[in-house]
Structure formats: C-alpha cells, structure tokens
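Structural description and commentary
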Amino acid sequence: MSKDLQRKRLLSQLIFLLISNLGARFKTGLCYPFLYCHACPYSIAGCPIGIIEHAIYKKHFNLFLLLYPILMIASLSMIVGRAICGWMCPIGLLQRITSTERLTKLSRKIPHSIERFLRYAKYINLILFVFLTPHFLGFMFTDICPIGFLVGTIPLSILYPGRFSPNEFFPFALMVFIAFIILIFLFNRGWCKFFCPIGAFIGLFNKVSLLRIEVDKSKCVHCNACIKVCPMGIDVPNVERSQECILCGRCIDACQYGAISFKVGV
Amino acid sequence: MRKFFAIQVTLIILFSGLLSYVTLATDVYDRVKTGIVSVICLSCIKMKPAFEIKFFFRTANLENYPSFILENLSNGIIFLHFRVDSCKSCDYLDEVISDIFKCNLKRTHYLVTTSKLYGVNVTLFHINLDHVSKDKKSLYNLFNVMGSKGGVPMISIITLGRKNESVAPCYATLYGYQKKDRILDFIRECSKLYLENFKDFKPSLQNHRLKGDH
C-alpha cells in the first residue's frame, strides 16, 4: 500500500513533466499552475510568474492578464492545495531526485528558529520580486530565476551552441543557479520550503482546499514517524492544514497505525 | 462544518467561473500564446543571440514584403524595432534607439519617425508587440530569421541589395540589447548598400519577382 502511493506520485510527476514539455510541436496560451519556464524550448504553456510580470511591468497594468495565472492557480489549488507541488511540479520531481538522506542530514543541524525565519523568504520573493520590483523598477524575478536558467538557458545553449551569448544579468543568474543547486542537494525540498514564490501562493489555499491530510488523534501514539519522513519538516500530528504541506503522502506511508489519511471536503 | 464546505464550493465556482470568463471572453489566451509562450524573451534566458549581420532577400516566412515597406524604400531604409512590455533588455535598447533617432520611446507602443543618418533617410518603426494590431504583429514573423530561437528585442533593417544583377529589398536582423556604436555601424552598412543600389530600384516589380522566387 505504502509503496503504491509513492509509485503513483512518481508516475504523476513523470506524466506532468512530459505534458509540460510537449511544446516542441505546438504552443498553447495556457499557464502552468507551478513554476516552469516558458523559455524552455519545449514548454507548452506560460510561466505564471512571467505572465504576472508582463501584466504589471513598469507601471503597466493589465487586469485580465494579471488575473489569468492567479485564477488558474487559485482554481486548482482550491481543490488539491499544494498537492500541485507534490504531485505535479517538475521541479518537485527534480528535488525528489536530489534529496538524499546523507546530504540532507546536514540541514537538520540548522536551528529551528532560523529555519522558520527562512521559510518566510518565499513570501518576500513573491511580494518583492514578482509584484513590487517589476512594477516599480522593472527588475523581475525572471531576470535571475534559477528555473529559467535550468530549463531555458542551459538547454538553449546546448541545442544551439554559439548562437547565444550572455547578457548583463547572466553572472548574477549563474550565481543564483549555483546557490539553487547547492540548496536542493543540501535541503530536502529546499526550493519549495524557502524560495518558491508559486509555492508560497499555493500554500495559502491549503487552509481552504478540498483535499487535505487528516490525522485521527484517537489512533495517534505520538511515535513521530510522520515528522521524521516529512520532506517539508512539518509537525504533522499537531498542525492542521499546514501551508507547507505538499500532500506527498509520506506521512500516510510512515504511520503504522493508520492514523493519517487523505480527506476530501471539510 | 457545512458552512465551511459551502465556502469551499463557492470559492471553487467563483474562481473557475472567473477563469473561464478571462480565458474565453478576453484576448488573454491569445496574448499569452503569441506574445509570451511563442516568443523567447531574451531577458528570461539571460542571453542574447550572438552578433552577426547577415543579409537576406526572402522574408523569414517567405511572404511578400508589405507594400508600405516597398513604398518607404523609395524614400530611404527602414529600421524595424520590436519589443514587448516585460523585457529589461528592451528598456535598455529603447534608450539607445531614442538617442539615435532623437525621439522618446518611453511608454510608446507604436511610433514611426524618420531621421537622416549617413546621407540616407532612416524610417524607424517602433512596435510593442503587446499593444499593436495583428497586422503590425505579423511584421515580426516576416523578419524573425531565427524563428522560435529568436526573441525580443529585435531590430531589422530593410535596405536594397543586388541579387542576380537586379536590385531587390534585403534585410538583416539583430536580436537582444546592442550598444549604440554597433547599431550605428549596422545603419552605416545598410545605408551604404542603399546608396549603391538605389538608382536601379523599381518598387513596382519587387513582389512579382519575389513570388517567382518562391
């Protein structure tokens, strides 16, 4: 049963990775509900952050263009919450591969108070670099986005060697990208936990989404097995509808007493 | 509990209803498809295409040159400048082009102006792809020689070249931010070609000849 759930999740992540990269033949005007760059040569849809930046860039304001990615994410998040991060996002899949027990042990040495503070960075990212600086200064999150570097810059440089040369943001973007790589190897779900602006936005809907994780407190023996396996470091039995929960179901697998389950509805 | 469930369902209906309206009743879907997903924003990939001036006689999508281009070629060379809203390199390039043509491109979506440079009239067409009609947007595909590997900002200069002993319109396209000196070199080269070939140019023959070329 437990292996089944994680196998299904892997299958789901692979399917969404494939769908996200069907754009070699045709492009759509859709918007990804997760962070994935439309600069990828095979992208099929638009990056929600890129679309938001287009809508508000340098004191321009296009209401419908701004609402489009917000409503796309909100509609889906109202139903499945941050399961988008756990089951659909290709960067989530990447982090699933990079997070090894041996390396992520190091990150557990970081004091809880610092880690808790760092988790707010993604909200600062969302407000500052996705909304404020593009609108007032013209400096965008996409100028230094490590996901754009990973799925746009690198593939284009490999596919078309010599056709492109670095622009003025390249050195900064490279530094951010190196930091991103270190982060995802050292921290389990480091990008999702600390920096992903889309994850920050989706997380707000975890409070009201239809799908959620439920802990049956009458069955819970406080063995903390669920806390140990949680990639987001959530205190599962004591926090209901956590904004950090990506509904990966690892806690469900880890609980030998069947106290944790997915629940749809109230 | 029931109240909370009612709120959940109401929010889902509200969000999905609004999303349907935005997708179906406005031009947002098309705008995202043609202006964002199909165009590589060079700012996003933190790169620009390598600098290379190469002249072409046929348009990038093999369509004929629009009549206004041929008409303007009788008067001088044509400088097409494409940008989109959300693009840092486009902002920088706007400043350079404003300086060369002594105009103000800030928050201007479409502008046509002519300046005399290197002894030739240079007509600038500044086009913000996010704010112009489909006709003007289609110009981008005419001169986007790199196709999906191109992007914005993009500059194309249309001048006159010699092909099989006859004079015909030709153009070169540059992508990404360029320094003022490079753009002036580009204009100088195109102006030189124009001055060499202008006396043998017959606009009325051009599109018939191009159709034959296909």
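Treat the numbers as computed from the prediction; the structure is a model and nothing was measured. Within each chain, residue numbers correspond to sequence positions counted from 1 in written order. Chain letters start at A and ligand numbers start at 1, both assigned in the order the entries are written. Local features are withheld for residues below a pLDDT of 70 in this predicted model, meaning they are given only at 70 or higher, and side-chain atom pairs are given and counted only at 80 or more; totals for whole chains, interfaces and linings count all residues. Side-chain descriptors were evaluated using all non-hydrogen atoms of the structure, hydrogens and water having been removed beforehand.

Comments concerning the nonpolar core
Counting residues in each nonpolar core, the largest one holds 142 residues, and the members touching the most others are Trp191(A), Ile260(A), Phe79(B) and Phe143(B). Of all the elements, helix α3 (residues 63-80) of chain A adds the most residues to this core, at eight residues. Domain ranges listed in this record stem from an automatic or a database domain assignment. Three or more residues apiece are contributed to this core by two domains, here domain 1 (1-36) and domain 2 (67-210) of chain B. We call a set of buried residues a nonpolar core when its members are Ala, Val, Leu, Ile, Met, Phe, Trp, Tyr or Cys and they connect through side-chain atoms within 4.5 Å of each other. The buried label applies to any residue whose accessible area, calculated with a 1.4 Å probe on protein chains only, is under 20% of its type's maximum; exposed applies above 50%, and partly exposed to all values in between. Secondary structure elements follow DSSP: runs of H or I of four or more residues count as helices, runs of E of two or more count as strands, with numbering from the N terminus.

Here we look at the domain arrangement of chain B
Considered domain by domain, chain B is made up of domain 1 (1-36) and domain 2 (67-210). Between the C-alpha centres of domain 1 of chain B and domain 2 of chain B there is a distance of 41 Å.

Some words on the packing of helix α5 (residues 90-98) of chain A against helix α10 (residues 170-186) of chain A
Residues and elements named next belong to chain A. Packing of α5 against α10 leaves a shortest axis separation of 8 Å and a crossing angle of 60 degrees. It follows that α5 is oblique to α10 by the angle criterion. With respect to the hand of their crossing, α5 and α10 are arranged in right-handed fashion. Within the contact between the two elements, α5 uses Ile91, Leu94, Gln95 and Thr98 and α10 uses Phe180, Ile184 and Phe185. The angle between two axes is taken between their N-to-C directions and runs from 0 to 180 degrees, where each axis is a line fitted to C-alpha atoms and a helix contributes only its stretch in contact. Roughly parallel refers to an angle under 35 degrees, roughly antiparallel to one over 145, roughly perpendicular to one between 65 and 115, and oblique to any angle outside these ranges. Each crossing is labelled by how the near helix is turned from the far one, with a counterclockwise turn of less than a right angle marking it left-handed and a clockwise turn marking it right-handed. Every residue pair with non-hydrogen atoms within 4.5 Å of one another is taken to be in contact.

Points about the pairing of strand β4 (residues 120-128) of chain B
Residue and element names in this part refer to chain B. Of all the nine residues making up β4, eight are buried; the element is thus mostly covered by neighbouring parts of the structure. At least two DSSP bridges between two strands are required for those strands to pair. When strand β2 (residues 77-83) meets β4, the two strands line up parallel, connected through seven bridges. Bridging across to β4, Ile78 finds its partner in Thr123. In the sheet, strand β3 (residues 110-117) pairs with β4 via eight bridges, with the strands oriented antiparallel. Bridge pairing in β4 places Ser115 opposite Val122. Connecting β3 to the next strand, β4, in antiparallel fashion are two residues, including Tyr118 with a positive phi near 55 degrees.

Re the side chain of Thr159(B)
Residue and element names in this part refer to chain B. With respect to the helices and strands, Thr159 occurs in strand β5 (residues 154-163). Relative accessible area serves as the criterion here: at 0%, Thr159 is assigned to the buried category. As used in this structure description, the phrase polar contact means that two N or O atoms lie within 3.5 Å; if the pair is within protein, one of them must be able to donate a hydrogen and the other to accept it, and residues adjacent in sequence are counted only when both atoms belong to side chains. In terms of polar contacts, Thr159 uses its side chain to reach the backbone amide nitrogen of Tyr194, at 3.5 Å. Residues in contact with Thr159, not counting those within four places in the same chain, are Phe55, Leu73, Ile77, Ala168, Pro169, Cys170, Cys190, Leu193 and Tyr194.

Overview of the environment of Ser74(B)
Within the fold, Ser74(B) resides in the loop between α3 (67-73) and β2. On a C-alpha basis, the gap between Ser74(B) and Ile127(B) in space is 22 Å, while along the polypeptide they are 53 residues apart.

Here we look at the interface of chain A and chain B
A common way to state how big an interface is: give the accessible area lost once the parts meet. The interface is formed by 60 residues belonging to chain A together with 48 residues belonging to chain B. Two parts placed together each lose some accessible area; with a 1.4 Å probe, that loss summed over both constitutes the buried area. For the pair chain A and chain B, the summed buried surface comes to about 4800 Å²; carbon and sulfur atoms form 69% of the total. Per-residue buried area on chain A facing chain B is highest for His54(A), Phe164(A) and Val266(A); these three make up 15% of the total on that side. A side-chain nitrogen of Lys or Arg and a carboxyl oxygen of Asp or Glu constitute a salt bridge if their distance falls within 4 Å. The interface formed by chain A and chain B includes one salt bridge. Close ionic contact of Lys58(A) with Asp91(B) constitutes a salt bridge, the shortest N to O distance being 3.3 Å.

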